[in-house]
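# Structural characterization, general
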4 protein chains.
Amino acid sequence: MATHHFEPSIYYSALGTYEPVLRIESGDTVTTTTVDNAGRDSEDQAVTRGPNPQTGPFYIEDAAPGDTLAVHFDRVLPNRRIGRTATVVAPNVLDPYYVASILPKNGSAEWDIDVEKWTATLISPETSLGKFCLPLEPMVGCFGVAAQGGQAISTATSAEHGGNMDYRGFCQGATVYLPVFAEGGLFFLGDGHAVQGDGEIVGTGVEISFDVEFSVSLIKGKRIHWPRGENEDYIFTAGNARPLDQAVQHATTEMVRWLVELGLEGNEPHILLGQCVEYDVGNVFDPAYTMICKVKTNILQNVGLDVQSVL
Amino acid sequence: MATHHFEPSIYYSALGTYEPVLRIESGDTVTTTTVDNAGRDSEDQAVTRGPNPQTGPFYIEDAAPGDTLAVHFDRVLPNRRIGRTATVVAPNVLDPYYVASILPKNGSAEWDIDVEKWTATLISPETSLGKFCLPLEPMVGCFGVAAQGGQAISTATSAEHGGNMDYRGFCQGATVYLPVFAEGGLFFLGDGHAVQGDGEIVGTGVEISFDVEFSVSLIKGKRIHWPRGENEDYIFTAGNARPLDQAVQHATTEMVRWLVELGLEGNEPHILLGQCVEYDVGNVFDPAYTMICKVKTNILQNVGLDVQSVL
Amino acid sequence: MATHHFEPSIYYSALGTYEPVLRIESGDTVTTTTVDNAGRDSEDQAVTRGPNPQTGPFYIEDAAPGDTLAVHFDRVLPNRRIGRTATVVAPNVLDPYYVASILPKNGSAEWDIDVEKWTATLISPETSLGKFCLPLEPMVGCFGVAAQGGQAISTATSAEHGGNMDYRGFCQGATVYLPVFAEGGLFFLGDGHAVQGDGEIVGTGVEISFDVEFSVSLIKGKRIHWPRGENEDYIFTAGNARPLDQAVQHATTEMVRWLVELGLEGNEPHILLGQCVEYDVGNVFDPAYTMICKVKTNILQNVGLDVQSVL
Amino acid sequence: MATHHFEPSIYYSALGTYEPVLRIESGDTVTTTTVDNAGRDSEDQAVTRGPNPQTGPFYIEDAAPGDTLAVHFDRVLPNRRIGRTATVVAPNVLDPYYVASILPKNGSAEWDIDVEKWTATLISPETSLGKFCLPLEPMVGCFGVAAQGGQAISTATSAEHGGNMDYRGFCQGATVYLPVFAEGGLFFLGDGHAVQGDGEIVGTGVEISFDVEFSVSLIKGKRIHWPRGENEDYIFTAGNARPLDQAVQHATTEMVRWLVELGLEGNEPHILLGQCVEYDVGNVFDPAYTMICKVKTNILQNVGLDVQSVL
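Below, the structure is looked at part by part. (Residues numbered from 1 in each chain as written. Chains lettered and ligands numbered in written order. Predicted model: local features only at pLDDT ≥ 70, side-chain atom pairs only at ≥ 80, totals over all residues. Heavy atoms only, no water.)

Looking now at the overall build of chain A. Within chain A, the regular secondary structure consists of four helices and 21 strands. Relative to its length of 311 residues, chain A is compact, with a C-alpha radius of gyration of 19 Å against a globular reference of 19 Å. Overall, the C-alpha framework of chain A stretches about 55 × 45 × 40 Å when taken along its three principal axes. Going through the 311 residues of chain A one by one, you find that 68% of them count as buried. Partitioning the contacts of chain A with sequence separation of at least 6, the portion at a separation of at least 24 is 74%. Per element, the accessible surface of chain A, about 10200 Å² overall, is 48% carbon and sulfur. Mean positive and mean negative side-chain charge positions of chain A (19 and 40 charges, respectively) differ by 5 Å. (Helix = DSSP H or I, 4+ residues; strand = E, 2+ residues; numbered from the N terminus. Rg over C-alpha atoms; globule rule 2.2 N^0.38 Å. Buried < 20%, exposed > 50% of the residue type's maximum accessible area, 1.4 Å probe, protein only. Contact = heavy atoms within 4.5 Å. Areas by Shrake-Rupley, 256 points an atom, 1.4 Å probe, with all protein chains shown as cover. Lys, Arg positive; Asp, Glu negative; His and termini not counted. Charge placed at Lys NZ, Arg CZ, Asp CG, Glu CD.)

Moving on to the sheet that holds strand β14 (residues 162-164) of chain B. Residue and element names in this part refer to chain B. Here six strands make up an open sheet; going across it, the order is β3-β5-β16-β11-β14-β13 and the pairing mixed. Of all the strands in the sheet, the pair left with one neighbour each is β3 (22-24) and β13 (158-159). Of the pairings in the sheet, the one linking strand β11 (residues 139-145) to β14 comprises three bridges and is antiparallel in character. By the bridge assignment for β14, glycine 144 is matched with glycine 162. (Pairing = 2+ DSSP bridges.)

The next thing to look at is the relation of the copies chain A and chain D. After a rotation of 180° and a shift along the axis of 0.0 Å, chain A superposes on chain D with an RMSD of 0.0 Å. The transformation just described matches what one would write down for a two-fold rotation axis. Taking C-alpha positions as the reference, the residue of chain A nearest the rotation axis is alanine 152 of chain A, at 2.3 Å. Interface overlap between copies is the fraction of interface residues in one copy that are interface residues in the other; for chain A against chain D it reaches 100%, indicating a shared surface. (Least-squares fit on C-alpha atoms with pLDDT ≥ 70 in both.)

Further remarks concern the layout of surface pockets. What the second largest pocket holds in volume is close to 790 Å³. Every residue lining the second largest pocket is counted, 31 residues in all, and those nearest its centre are Asp280 and Lys294 of chain C together with Glu278, Asp280 and Lys294 of chain D. Of all the elements in the fold, those that place two or more residues in the lining of the second largest pocket are β20 (278-281) and β21 (289-296) of chain C together with β19 (234-241) and β20 (278-281) of chain D. With four residues, the top contributor of residues to the lining of the second largest pocket is β20 of chain C. Of the residues in the lining of the second largest pocket, the class split is 13 nonpolar, five polar and 13 charged. (1 Å grid on protein atoms, 1.4 Å probe; cavity = no way out; pocket = protein on both sides within 12 Å on 5 of 7 lines; lining within 4 Å. Points joined across faces, edges and corners; volume = space filled by probe spheres on them. Nonpolar A, V, L, I, M, F, W, Y, C, P; charged D, E, K, R; others polar.)

Attention shifts here to the pattern of salt bridges. Pairing is possible between side chains that carry opposite charge, provided their charged atoms lie close to one another. Applying the stated criterion across every chain yields a total of 68 salt bridges over all chains. Between aspartate 67 of chain C and lysine 220 of chain C there is a salt bridge; the shortest N-O distance is 2.7 Å. Placement of the pair is aspartate 67 of chain C in the loop between β5 (54-60) and β6 (68-78) and lysine 220 of chain C in the loop between β17 (210-219) and β18 (228-230), with a sequence separation of 153 residues. Connected through shared salt-bridge partners, Asp36, Arg40, Asp44, Arg80, Arg84 and Glu110 of chain A make up one network. (Salt bridge = Lys/Arg side-chain N within 4 Å of Asp/Glu carboxyl O.)

The subject of this paragraph is the pairing of strand β8 (residues 108-114) of chain D. Residue and element names in this part refer to chain D. Inspection of the sheet shows strand β7 (residues 82-86) paired to β8 by five bridges, in the antiparallel sense. In the strand pairing of β8, threonine 85 is matched with alanine 109. Pairing geometry for β8 and strand β9 (residues 119-124), over five bridges, is antiparallel. Each bridged residue has a counterpart across the sheet, and for isoleucine 113 the counterpart in β9 is alanine 120. Hairpin remark: β8 followed by β9, antiparallel, with four residues in the connecting loop; positive phi at tryptophan 118, about 60°.

Following the criterion strictly, the structure yields two cavities of 30 Å³ or more and no others. Of the voids in this model, the largest cavity is the one considered here, and its volume is about 40 Å³. Sorting the residues of the lining of the largest cavity by element identifies α1 (96-102) of chain A together with α1 (96-102) of chain C as the ones contributing at least two each. Broken down by class, the residue content of the lining of the largest cavity amounts to seven nonpolar, one polar and no charged.

A common way to state how big an interface is: give the accessible area lost once the parts meet. Facing 62 residues of chain A, the contacting portion of chain B comprises 61 residues. Between chain A and chain B, roughly 5200 Å² of surface is buried when both sides are summed, and carbon and sulfur atoms account for 63% of that area. Broken down residue by residue, the surface that chain A buries against chain B is led by His270, Ile271 and Gln275 of chain A, which jointly contribute 15%. Linking chain A with chain B are zero salt bridges. The interface formed by chain A and chain B contains 30 residue pairs in polar contact (both at pLDDT 80 or more). (Buried area = accessible area lost by both parts, 1.4 Å probe. Polar contact = N/O pair within 3.5 Å; in protein donor to acceptor, adjacent residues only side chain to side chain.)

Following this line, the structure appears as structure tokens:
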């Protein structure tokens, strides 16, 4: 149950079987930092190139294909004042005829991030939105393990191994579960957002560097198919694909599997999900879109299921 | 501002230019009933055939193509004890390989609806879920106006005119806005659900007959492209299409248009939506899927926009 | 086996249960005319409005839901010199980022249609394409029967009943099969194209009025799910939906059903299709896209299947 | 203009920046062999594992990101008698409700490949198809270069760099063009099919090992976005994505770009494509589907465009 502090000096823009930056054991905790989507650090200095450069990979001793890696986000916090966003909704998120007629030009907006007041405030450009201000909701845009089948998959997209899912629920306090595809698992993380709307529809959240702390736990011999997660109120699954319909299929199927693992049989997971499932939209900007399928933990407890986090 | 009580004796399974059952004026209120998705009434008697038979159409005096019809759901309440659901997630909502291997057979489940206790309780079949119980969330599964261009569109699907959107937010207290495509608008509603999970993924909510009361207001000369809505906390737009990606495009574009109507210009609606937009999933079972794009009303007010319902 | 000559004076832009313009019997032949997509006739006079106004409906005596209507296109021929096309690929057919950056404006081009020389020649605008000339391939863009479940579906789209499929194979000499959904079937046709690229990607073929002759045959008690067709070399099925993936599913499933009707069992239709199926793209411009699944008739004959047209 | 003979001893199931097996120069020719999709060689011995193990990578001297690599398939020929296919259409290619009800089980079929008679003949299992026999159409199912942005992409799918596109037009006599993303380009090929239906809808063609010969030519400083190709009659582009609609967008946009490179301007490529474009369906089984957009070479020549292959 060691705690490691790791200062990154190399970053990756794909999730593959690269040389580990640190070897840790199940139960260990790591404190480290992430740069923003464009490779800028806590001093707002460009120390590497985008897209979404990742801190890691962290090698988890004894992790092997067929296992599941649990990661708890203990701390996820902006570590500088300036955040940046794009300024136009992506053309793949709008009607093609609208795009062909009147889409404004893209640009860059700057936001002041105040972790004392817990606010993100638009500071440029000058618009009628004035000092547009939103509460902070720090989240990890991109994280995952080395991809399936020896692949190295760009941090601009996502798949079974995780990646650029941009789900607002991947925040401090959440536990995520990832299928291990390579020896050591090889966990990466980066692309912190101080705030983000659903879907990351302008192609960015409020992009910023982070101080992070996470703890890992290895579940030997447990095979999952897609990323999963837990927070205080929900268990959830992530499906990553295009079209979004297919992401719905992946996430829903993975949730049915999870309910079967918890003890339901036959039509039971179907009857349950039918009247209480909820969906959240992750990224709808990237090559693969992300859909989250979730169920309230107290509903599961009410029907006698034992939902218990490993972390 | 008359109040009409209407007892339906004929029902429609498409939204088209049928003979009106009642002519009302802008500002009027109607109390009536709806049968369930299969045509069963408050006595659980089959009085017509499915799918989703509609009460209506109600002709709104002076409504003409290019206007907008606002409808406020004053009251939306189950009026019998028994509700029914299907028991298997639809094959279009699960991974094709999962469907090919182990999908259980579909069936029918019965639920007891108690409006005193405000609960829906599974009463058959016998499963390990036992007396699975959920709080009521009554909602109108299908409503809309006569479809565009003289079409009559099945209540099994949805489009610009509304239809079978199955969004949990179409509930008591919500105001919906519909584009008028035919003289009189011709408003229909039906397919009440006592409870429903997001997406209506088993192809049904807890299907039940309703007592309803709604009030209408006609907005002359205002043209919208897709259904819109409002509740205490949000304004929202609905896009109906497959794939879900296209529903995202429709709903998002309609929200950009709305923000422009409220006074934003150029990149302003984009900058705003980028960091605070939310999406909800409506129906992902029907030929057309439904995506909801929504923004918190207080965020709009904070940047000085005047969001004021007509109803 | 009567031959009727019908002069249209009314046209429909949806395929529904409208008053028949003519009642005919199975075995009969009809000669008539169609106007172009915008309602212009053989004199290039606007006699009705678009989109894709249809000649018909023709009521086939004894046709009832659950039957199949066969229609043979005996003659499909432009009856004036001027044809028109749009001049830009539709934004839904191009990459969203390309659309956002450099899509040219749409316009109208004129073509001279010479049925003696069998050519379509671009005559305006002036471009570096000069007298761009293509051989005629006259085809029926939109045809079908009254839609399923009492619906009236716009001629701007397509579904199980046919509609605006824009497949180049719907030409003189082809036999088409349509599922009957209403009493009398109610056959409509229109939207002739002198030439058209696959997909109708600019949203038009070379739009023109037609002289047409067709013969019908009613197949009592035979239920099909999607439009089918035959020509000298192939049998084929049409699937209409978005995304195109779903159109592939519909067309392929309907072909499997057809092969089962012809006598194949178990894996046999799958083994056969796997190594010799072919696909053609119909419309990829409309709300519903069209995919054609086809198999060479001689391959079927070589494995002993009796493929015999009714017409 | 050297000719190299290369005997593979190592194979890759992803297209990434692996150690080259041979360094060649622009203008050189290579003769080599490929194993089948499951790693079986000309002796039908398993020498490596699937999916779709690739021969290569071949390093082309001087190739750098931003260049284009042209490869001519001089010879593509089965080098053993036995070929194998799956026996059921993939569940993602059929209607979900059909899959849920009556999809037969998958299996393996064997085919005798006779390059003298130029036939593929089904030899097992025993079915009513008997000695089902098709003419050979040998094609390269999977080929490409090291993927974009340092990725290694599985040979089970496809993207901008090529990959498992399964297009029947990738056959002897075709020239293909690939965007170079890594130093040396790093060309791979494998997954030969003796015959294949459009779409590879059972998930396999008639899978077999090949003798191949190919020649390469490097086009410095020419940047393309998606694979392109040429044969005697057509120029064509490939788009790889899901849904198929997006593959249509990629392929069509790349064709517009190509026509602009050939000298067309403004609406000219649009007017031309609108009335003569053709589409072929590549793989519709994999995570990414493939659509081919093509235009007849003689049409281009007729409007004065100089279409001239580099090979």
